[in-house]
Amino acid sequence: MVRKKPLVVLTRKLPDVIETRMCELFNTQLNLDDTPMDKEALAKALATADVLVPTVTDRIDAELLAVAGPQLQLIANFGNGVDNIDVNAALERGLTVTNTPGVLTEDTADMTMALILAVARRLVEGSRIIPESEWDGWSPTWMLGRRITGKRLGIIGMGRIGQALARRAKAFGLQIHYHNRRKVAAQVEETLEATYWDSLDQMLARMDIVSINCPHTPATYHLLSARRLSHLQPHSILVNTARGELIDEAALTRMLEAGQIAGAGLDVFEHEPAVSTKLIRLAKAGKVTLLPHMGSATTEGRIDMGEKVLINIKTFMDGHRPPDRVLPGML
C-alpha cells in the first residue's frame, strides 16, 4: 500500500532546487510569486497543511495555532531562530517545531565584520560620492574614518556566530571581549584571547565597537535599553545583525541624532520591514549604515537551510525525531 504524501505548505518562495525536491517527496503547495502571507492566508494554511514551512516573516502565534486543523503535525521553520513561532503554544497542541541551526554562521559573521568595517571606514558614504556628485580628488583630511586595529570589540552572545565573528575580528587586530549567559570553554577563550564580562553594563562602557549576536527571546527584548545604551562611549560603534527587537531603536536613534555614539550598522529593525524615517534620515547624513536584512543572504546558505528543512520533514514523517527539533527549554 502506497502511503499518502503529506501536504507541505511553503509560505515563501525557496530556492528552486529545494522546491523541486519538496515536490518530489511531498504533496507541496508553493508560493511562486513570494507574496508574504497575511494572517488570513496563514490561518488557511494551518487549517489544511500536514506540515507548515514558515519563515521569519510569518508570525505563528497562539491565536493562529488555535485555528490549526487536526491534521497539522509539524512546523518546519525555514530559519535559524524561532522567535516568530509561539513554541509553547505549539507544544500544547502536540505540534513539533524545527528550525535550521548552524548553516548561516559563517555568512552572518562575514556580514557583521563587513558592517563593522563599513561604519568605521564610512564605506557606504564613500561609495555614493562619485555616482551622486562631482569628486574633486583626494584630500588629506577628507572622509576620515576610524582605524579598527587595536580597538576593543564587545560581542553580545558568544554562540556559533559570535565565535565566528571573534575569529574574523581577531585577524583584523581587534581585542575580543564578550558577554554571554555563561563563559565559553576555556580552550575557546584562550584561542580567541577573549575576555569575559559577567556584567553587560560594565562591558559596554569599555568597548570601542559592540556587536549583537544573541537570539531574540522574551528575556532579551530591548536587551540594549535606553539605560544600557547610555553606557556606550561617544566614539563607540554599534552593529546588529541578530534581531531588531534586541535594541530600543527609538533610544538608539536619539543617541545617534545627538552624537552620543559615533555610528551604527543595522541589518535588522525593531518594526521590520518598516524602518523609521529618522533612521533613514540619519543614513543619508552618514551617521548610520542600514542594510535590508541580508546578513545571511547567500545562495549556499539558503540551499543549506532548505536541505535542513527537507531532512527535518522527511525524518519526522518516517516516524523519527527530527534532528533540529526545538523545545521551550532550549530558548
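Source: prediction; values computed, not measured.

About the thresholds
- Residues numbered from 1 in each chain as written.
- Predicted model: local features only at pLDDT ≥ 70, side-chain atom pairs only at ≥ 80, totals over all residues.
- Heavy atoms only, no water.
- Helix = DSSP H or I, 4+ residues; strand = E, 2+ residues; numbered from the N terminus.
- Rg over C-alpha atoms; globule rule 2.2 N^0.38 Å.
- Buried < 20%, exposed > 50% of the residue type's maximum accessible area, 1.4 Å probe, protein only.
- Contact = heavy atoms within 4.5 Å.
- Areas by Shrake-Rupley, 256 points an atom, 1.4 Å probe, with all protein chains shown as cover.
- Lys, Arg positive; Asp, Glu negative; His and termini not counted.
- Charge placed at Lys NZ, Arg CZ, Asp CG, Glu CD.
- Arc of directions from axis to C-beta.
- Polar contact = N/O pair within 3.5 Å; in protein donor to acceptor, adjacent residues only side chain to side chain.
- Pairing = 2+ DSSP bridges.
- Right-handed = clockwise from strand over helix to strand, strands pointing away.
- Axes fitted to C-alpha atoms, helices over the stretch in contact; angles between N-to-C directions.
- Left-handed = near helix turned anticlockwise from the far one by under 90°.
- Nonpolar A, V, L, I, M, F, W, Y, C, P; charged D, E, K, R; others polar.
- Phe/Tyr/Trp six-rings, centres within 6.5 Å; stacked < 30°, edge-to-face > 60°.
- UniProt positions renumbered as here; feature names shortened; annotations may be inferred.
- 1 Å grid on protein atoms, 1.4 Å probe; cavity = no way out; pocket = protein on both sides within 12 Å on 5 of 7 lines; lining within 4 Å.
- Points joined across faces, edges and corners; volume = space filled by probe spheres on them.
- Parallel < 35°, antiparallel > 145°, perpendicular 65-115°, else oblique.

## Re the overall build of the protein chain
Here is step 1: What the protein chain contains, in helices and strands, is 13 helices and twelve strands.
Here is step 2: Here the protein chain has a C-alpha radius of gyration of 22 Å; the compact-globule value for 331 residues is 20 Å, and the two agree.
Here is step 3: If you line up the protein chain on its principal axes, its C-alpha atoms span 80 × 50 × 35 Å.
Here is step 4: Scored against the burial criterion, the 331 residues of the protein chain give a buried share of 48%.
Here is step 5: Sequence separation of 24 or more characterises 62% of the internal contacts of the protein chain that already satisfy a separation of 6 or more.
Here is step 6: Total accessible area computed for the protein chain in this model is approximately 16500 Å², and 54% of it derives from carbon and sulfur atoms.
Here is step 7: With 38 positive and 39 negative side-chain charges, the protein chain shows a separation of 4 Å between the mean positions of the two kinds.

## Points about helix 2 (residues 39-48)
Here is step 1: Among the residues of helix 2, L42, A45 and L46 are the ones counted as buried. Considered in projection along helix 2, the buried side chains sweep an arc of 95° and stay on one side of the axis. The exposed set on the far side of helix 2, more than 90 degrees from its buried face, consists of E40 and K44.
Here is step 2: Of the surrounding elements, those touching the buried residues of helix 2 are strand 1 (7-10), strand 3 (51-53) and helix 3 (62-65).
Here is step 3: The N-cap of helix 2, judged by a side-chain oxygen 3.2 Å from the amide nitrogen of E40 a few residues on, is D38.

## Considerations on the pairing of strand 6 (residues 152-156)
Here is step 1: Within strand 6, four of the five residues are buried, leaving the element largely enclosed by the surrounding structure.
Here is step 2: Pairing between strand 6 and strand 7 (residues 175-179): five bridges, direction parallel. Bridge pairing in strand 7 places I156 opposite H179.
Here is step 3: With helix 7 (residues 160-171) bridging strand 6 and the parallel strand 7, this β-α-β connection has right-handed handedness.
Here is step 4: Relative to strand 9 (residues 209-212), strand 6 runs parallel, the two sharing four bridges. Residue pairing across strands places I155 opposite S211, the latter belonging to strand 9.

## Points about the packing of helix 11 (residues 249-258) against helix 12 (residues 277-284)
Here is step 1: Remark: helix 11 packs on helix 12, axes separated minimally by 10 Å, with the N-to-C direction vectors making an angle of 35°. Of the two elements, helix 11 crosses helix 12, and the hand of that crossing is left-handed. From helix 11, E249, T253, L256 and E257 reach across to helix 12, where they touch K278, L279, R281 and L282.
Here is step 2: The class makeup of the residues in the contact of helix 11 with helix 12 is three nonpolar, one polar and four charged.

## A short note on the packing of aromatic side chains
Here is step 1: Overall, the coordinates contain one aromatic pair when judged by the stated rule.
Here is step 2: Here the aromatic rings of Y178 and Y196 are separated by 5.1 Å at their centres, their planes lie at 50°, and the arrangement is tilted. Residue Y178 is found in strand 7, and its partner Y196 is found in strand 8 (residues 195-196); the two are separated by 18 residues along the sequence.

## Considerations on the UniProt feature "domain: D-isomer specific 2-hydroxyacid dehydrogenase NAD-binding" (unreviewed entry) in the protein chain
Here is step 1: Per the UniProt annotation, the sites labelled "domain: D-isomer specific 2-hydroxyacid dehydrogenase NAD-binding" (unreviewed entry) are residues 113-295.
Here is step 2: Between the C-alpha atoms that bound residues 113-295 there is a distance of 10 Å. The span itself is 36% helix and 15% strand.

## Some remarks on the layout of surface pockets
Here is step 1: In this structure, the second largest pocket spans a volume of roughly 330 Å³.
Here is step 2: Residue lining of the second largest pocket: 21 residues in total, with V119, R122, E125, A262 and G286 positioned closest to the centre.
Here is step 3: Going through the elements one at a time, helix 5 (105-121), helix 6 (123-132) and strand 12 (288-290) are the ones with two or more residues in the lining of the second largest pocket.
Here is step 4: Sorting elements by how many residues they give to the lining of the second largest pocket places helix 6 first, with four residues.
Here is step 5: By residue class, the composition of the lining of the second largest pocket is twelve nonpolar, four polar and five charged.

## Quick word on helix 1 (residues 16-25)
Here is step 1: Three or more residues of helix 1 are buried, namely I18, E19 and M22. Projected onto a plane normal to the axis of helix 1, the buried residues spread over an arc of 95° and lie on a single side.
Here is step 2: The inward-facing, buried residues of helix 1 contact strand 1, strand 2 (27-29), strand 3 and helix 13 (299-317).

## Quick look at the UniProt feature "domain: D-isomer specific 2-hydroxyacid dehydrogenase catalytic" (unreviewed entry) in the protein chain
Here is step 1: The UniProt record marks residues 19-326 with the feature "domain: D-isomer specific 2-hydroxyacid dehydrogenase catalytic" (unreviewed entry), using the residue numbering of this structure.
Here is step 2: With 39% helix and 13% strand, residues 19-326 has its two end C-alpha atoms placed 23 Å apart.

## So, the packing of helix 5 against helix 7
When two helices pack together, their arrangement is captured by the angle between the axes and the distance separating the axes.
Here is step 1: Taken N-terminus to C-terminus, the directions of helix 5 and helix 7 make an angle of 50°; their axes are 8 Å apart at the nearest point. Between helix 5 and helix 7, the angle falls in the class oblique. Seen from above, helix 5 lies across helix 7 with right-handed handedness. Along the contact surface, helix 5 presents T105, E106, T108, A109, D110, T112, M113 and I116, while helix 7 presents R160, I161, A164, L165, R167, R168 and A169.
Here is step 2: Considering only residue class, the contact of helix 5 with helix 7 consists of seven nonpolar, three polar and five charged.

## Some details on empty space enclosed by the protein
Here is step 1: Across all of its chains, the model carries two cavities of 30 Å³ or more by this definition.
Here is step 2: Taken as a whole, the largest cavity holds about 80 Å³ of empty space.
Here is step 3: Its residues placed into classes, the lining of the largest cavity shows four nonpolar, one polar and four charged.
Here is step 4: Taken as a whole, the second largest cavity spans an internal volume of roughly 30 Å³.

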